[in-house]
Amino acid sequence: MGAYLGGSAIQTIGDNPVTAYRQLVQQYAKNLAGETVSPAVAAAEANAVFIAAPITASMSGLWPRLIGVLFKRIPKFGVLLGYTFLTGNDEPGYAAATAASILSAPFINPVRMIEKQQRAFLKQTGVEKPIMEILRESSQKYFAPLFRGTIPLMGHSFASAILGLVGQPKLQKYIQSELGKTGQFSGSATNLVASAIVSPIYVVVTNPLSRLEVIMQTNSINGKSINIFEALRELGADMAKFGLSGIFRGQGIGIFKAIISLTLFHEGRLFLTRQFKAYNIRTGKIPAPAA
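Residues numbered from 1 in each chain as written. Predicted model: local features only at pLDDT ≥ 70, side-chain atom pairs only at ≥ 80, totals over all residues. Heavy atoms only, no water.

A. The arrangement of the overall build of the protein in detail. Across its full length, the protein carries 14 helices and 0 strands. Put simply, the protein runs from its N terminus to its C terminus through helices and strands in the order α-α-α-α-α-α-α-α-α-α-α-α-α-α. Taken against the 2.2 N^0.38 rule, which gives 19 Å for 291 residues, the C-alpha radius of gyration of the protein at 20 Å falls within 12% of a compact globule. Projecting the C-alpha coordinates of the protein onto the three principal axes gives extents of approximately 70 × 40 × 35 Å. By residue count, 46% of the 291 residues in the protein fall in the buried class. Counting contacts in the protein only where the partners sit at least 6 residues apart, residues at least 24 apart contribute 77% of the total. Accessible surface, the protein as shown: approximately 13,900 Å² in total, 69% of it carbon and sulfur. Mean positive and mean negative side-chain charge positions of the protein (28 and 15 charges, respectively) differ by 4 Å. (Helix = DSSP H or I, 4+ residues; strand = E, 2+ residues; numbered from the N terminus. Rg over C-alpha atoms; globule rule 2.2 N^0.38 Å. Buried < 20%, exposed > 50% of the residue type's maximum accessible area, 1.4 Å probe, protein only. Contact = heavy atoms within 4.5 Å. Areas by Shrake-Rupley, 256 points an atom, 1.4 Å probe, with all protein chains shown as cover. Lys, Arg positive; Asp, Glu negative; His and termini not counted. Charge placed at Lys NZ, Arg CZ, Asp CG, Glu CD.)

B. Molecular detail of helix α2 (residues 39–52). Compared with the 20 Å implied by 1.5 Å per residue over 14 residues, the 20 Å span of α2 between its first and last C-alpha is a close match. Regarding α2, the residues found buried are A42, A46, V49 and F50. Down the axis, α2 shows its buried residues gathered within 95° of arc, on one side only. Pointing more than 90 degrees away from the buried face of α2 are the exposed residues A40, I51 and A52. Check the buried side of α2 and you find it contacts α1 (2–27), α3 (54–59) and α8 (122–125). (Expected span 1.5 Å × (residues − 1). Arc of directions from axis to C-beta.)

C. Highlighting the packing of α1 against helix α7 (residues 105–119). Running from N to C, α1 and α7 point in directions that differ by 75°, and their axes come no closer than 11 Å. Classified by the angle between their axes, α1 and α7 sit roughly perpendicular to one another. From α1, N16, T19, A20, Q23, L24 and Q27 reach across to α7, where they touch E115, K116 and R119. Here the residues of the contact of α1 with α7 sort into 2 nonpolar, 4 polar and 3 charged. (Axes fitted to C-alpha atoms, helices over the stretch in contact; angles between N-to-C directions. Parallel < 35°, antiparallel > 145°, perpendicular 65-115°, else oblique. Nonpolar A, V, L, I, M, F, W, Y, C, P; charged D, E, K, R; others polar.)

D. The arrangement of the packing of aromatic side chains in detail. For the coordinates displayed, the defined rule picks out 2 aromatic pairs. With 5.5 Å between their ring centres and 80° between their planes, Y21 and F50 make a pair best called edge-to-face. Of the two residues, Y21 sits in helix α1 while F50 sits in helix α2, which places them 29 residues apart along the sequence. On the basis of relative accessible area, F50 is assigned to the buried category, the value being 16%. Against the face of Y28 rests K123, its NZ or CZ located 4.3 Å from the ring centre. (Phe/Tyr/Trp six-rings, centres within 6.5 Å; stacked < 30°, edge-to-face > 60°. Lys NZ or Arg CZ within 6 Å of the ring centre and 35° of its normal.)

E. Spotlight on the pattern of salt bridges. Summed over all chains, the structure comprises 11 salt bridges. For K30, the salt bridge is made with E234, and the minimal N-O distance between the two is 3.5 Å. Of this pair, K30 sits in the loop between α1 and α2 while E234 sits in helix α12 (residues 228–242); the two residues are 204 residues apart in sequence, bridging distant segments of the chain. The partner of E213 in a salt bridge is R112, with the nearest N and O atoms 2.8 Å apart. In this pair, E213 sits in helix α11 (residues 187–217) while R112 sits in helix α7, placing the two residues 101 residues apart along the sequence. One network of salt bridges, in which partners are shared, links D15, R65, E115, R119 and K257. (Salt bridge = Lys/Arg side-chain N within 4 Å of Asp/Glu carboxyl O.)

F. The nonpolar core, seen in detail. In terms of nonpolar packing, the biggest core is built from 19 residues, with F77, L80, A97 and L165 touching the most fellow members. Secondary-structure elements contributing two or more residues to this core are α1, α5 (73–86), α6 (94–103), α10 (150–179), α11 and α14 (251–282). In terms of nonpolar packing, the next biggest core, distinct from the first, is built from 12 residues, Y21, A42, V49 and L122 among them. (Core = buried A, V, L, I, M, F, W, Y, C linked by side-chain atoms within 4.5 Å.)

By themselves, these are just geometric observations and shouldn't be taken as functional.
This is the structure we're talking about:
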């Protein structure tokens, strides 16, 4: 669990600028007048925000994401690893990933909502929205706004668990067994190759779900919430106007983000696993492997 949490923290810090940029590219699908604009215009708006305040934009949402390593990852990894242990398996499988994605959603969603709200109004204010202000506004509606977007999140979390937590390590082991025979590819290299293969599949599956989350979670907390059907209609209107480029806004940056995220997470996880194992051997908690 400690290795999973550590790997997640390393990933969160490393991919935050790309995560922030992708949200803005998707969020700015509508201008301030509520009109759907082309992907090129939305990307130009996101670029303008990053040029005007590069540090603020890059670091926006980082604190709730880091705090979320505990609030989000402990339930998700706890179910994933707990299910794996209880079923007598050595590695997480698809059933464990399914259970983790569903049972962890109520814990994950409030953190993702706060993260998106922090950077939702960067274009208007130039600064990220304080966490306490978000919580104060949510408390006026009994914190119900923090659970906006839970339905698409479950699908997103399921795809993430199936492809990222289960599929990528299995693929890496296969690649390592094949390419590793040559002695020219290290564990880090095969990790990068596996992430590069999994990432496009992951982004194609999750990009529309990510769009739904952004639509539902970035409107004003004080305003009327957008339900899943309204979000789907908005996504459909975007596709009708701009074709596949409308529904897959942020696809390219999403693939880039996924490669970074998966590589950093698994590199961090494997590194920390080795350190924890070496420490346990040194302190006599587990026996040393036979020579």
